[in-house]
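# What the coordinates show
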Amino acid sequence: MKFDIIGDIHGCYQELLLLIERLGYQQQGSIFVHPENRKLAFVGDAMDRGPESLNVLRLLFALQDEHSLYYSPGNHCNKLYRFFKGHPVQLAHGLEQTVAEWEQLPSLEKLQFKKRYLHFYEQLPHYQQFDNDLIIAHAGLKAEMIGKPLSKGIAVFVLYGDITGKFHSDGRPVRRNWAKSYKGHKWVVYGHTPTEKPYFINNTVNIDTGCVFGGALSAFRYPEKNIVSVSSLQPYQPDRFYVYD
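Computed from a predicted model, the values in this text were never measured in an experiment.

Below, the discussion takes up unusual backbone geometry. A cis amide bond links Tyr222 to the next residue, Pro223, at an omega of 20 degrees. Relative to the helices and strands, Pro223 is located in the loop between β12 (216-222) and β13 (226-231). Despite not being glycine, Asp45 shows a phi value in the positive range, around 55 degrees. Among the structural elements, Asp45 can be located in the loop between β4 (39-42) and α2 (53-65). Backbone geometry places Asn203, a non-glycine residue, at a positive phi of 60 degrees. Along the polypeptide, Asn203 turns up in the loop between β10 (199-201) and β11 (204-206).

Here you go:
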């Protein structure tokens, strides 16, 4: 199978449509198909911060209904799930915008959307592993974790990356660059940490190019291993991009 793996969308629905079109997909009903039978895949964090999180999720729901969804949930996906389950979560870091969108729906539609999202999330694998040496995980995956039974450590890693327990002054967690020491032969495609351009190292690529912060929305084409991007329509926030050493 050939995949077009899309980075963190964060509610940038218009950019998502532009990227899907640029990749050569055509709309059929409520989903998009490729004339060469390529498949869309996603590194997670479809929602929060951007202007149209619910529309992005509706597109993903449609793909799931057609049994053609390849999606690795991220930390924002997990937080929205916990919110809808009634767990105490902080309405911050973009969740407040998704919740505000949801609150504007009519009462019955709100209940239906909540139920649909819970079903959506509960069907998702923690990360995706394919027979063609491709792995998609939201924040990445160490070589020694691949294929192991799911543990709390692996579950935390795929959502948040190689966190240290420390925090930057703005509240963001301090993370190690796990990809720099990755020795696996399988390709790991991930996002989570916005960077000005895709970061390639050691059979890994970070394709979160910070669309919601005014960068770009990018897709990694596999097995070709090239990048297709569209420019963001959001205001540019240069301080939100991570610089790898």
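Don't stop here, the text continues.
For β12, the tally of buried residues reaches seven of seven residues, placing the bulk of the element in the interior. Here β12 shows two buried faces, one formed by Ala216, Ser218, Phe220 and Tyr222 and the other by Leu217, Ala219 and Arg221. Where strand β1 (residues 3-6) lies against β12, four bridges are found, and the strand directions are antiparallel. If you follow Asp4 over to β12, its bridge partner there is Arg221. Pairing geometry for β12 and β13, over six bridges, is antiparallel.

This next bit is on the sheet that holds β12. Here four strands make up an open sheet; going across it, the order is β4-β1-β12-β13 and the pairing mixed. Of all the strands in the sheet, just β4 and β13 have a single pairing partner and so form its edges. Put simply, the sheet's adjacent strands are angled 25 degrees from each other on average, direction ignored.

It is worth spelling out the sheet that holds β11 at this point. Across the sheet, which stays open at both edges, the five strands sit in the order β5-β6-β9-β11-β10 with mixed pairing between neighbours. Each having just a single partner strand, β5 (128-129) and β10 make up the two edges of the open sheet. Bridging between strand β6 (residues 134-136) and strand β9 (residues 187-190) involves three bridges; their strand directions are parallel. Counted as the bridge partner of Leu134 is Trp187 from β9.

Cut-offs and rules
Residues numbered from 1 in each chain as written. Predicted model: local features only at pLDDT ≥ 70, side-chain atom pairs only at ≥ 80, totals over all residues. Heavy atoms only, no water. Helix = DSSP H or I, 4+ residues; strand = E, 2+ residues; numbered from the N terminus. Buried < 20%, exposed > 50% of the residue type's maximum accessible area, 1.4 Å probe, protein only. Pairing = 2+ DSSP bridges. Axes fitted to C-alpha atoms, helices over the stretch in contact; angles between N-to-C directions.

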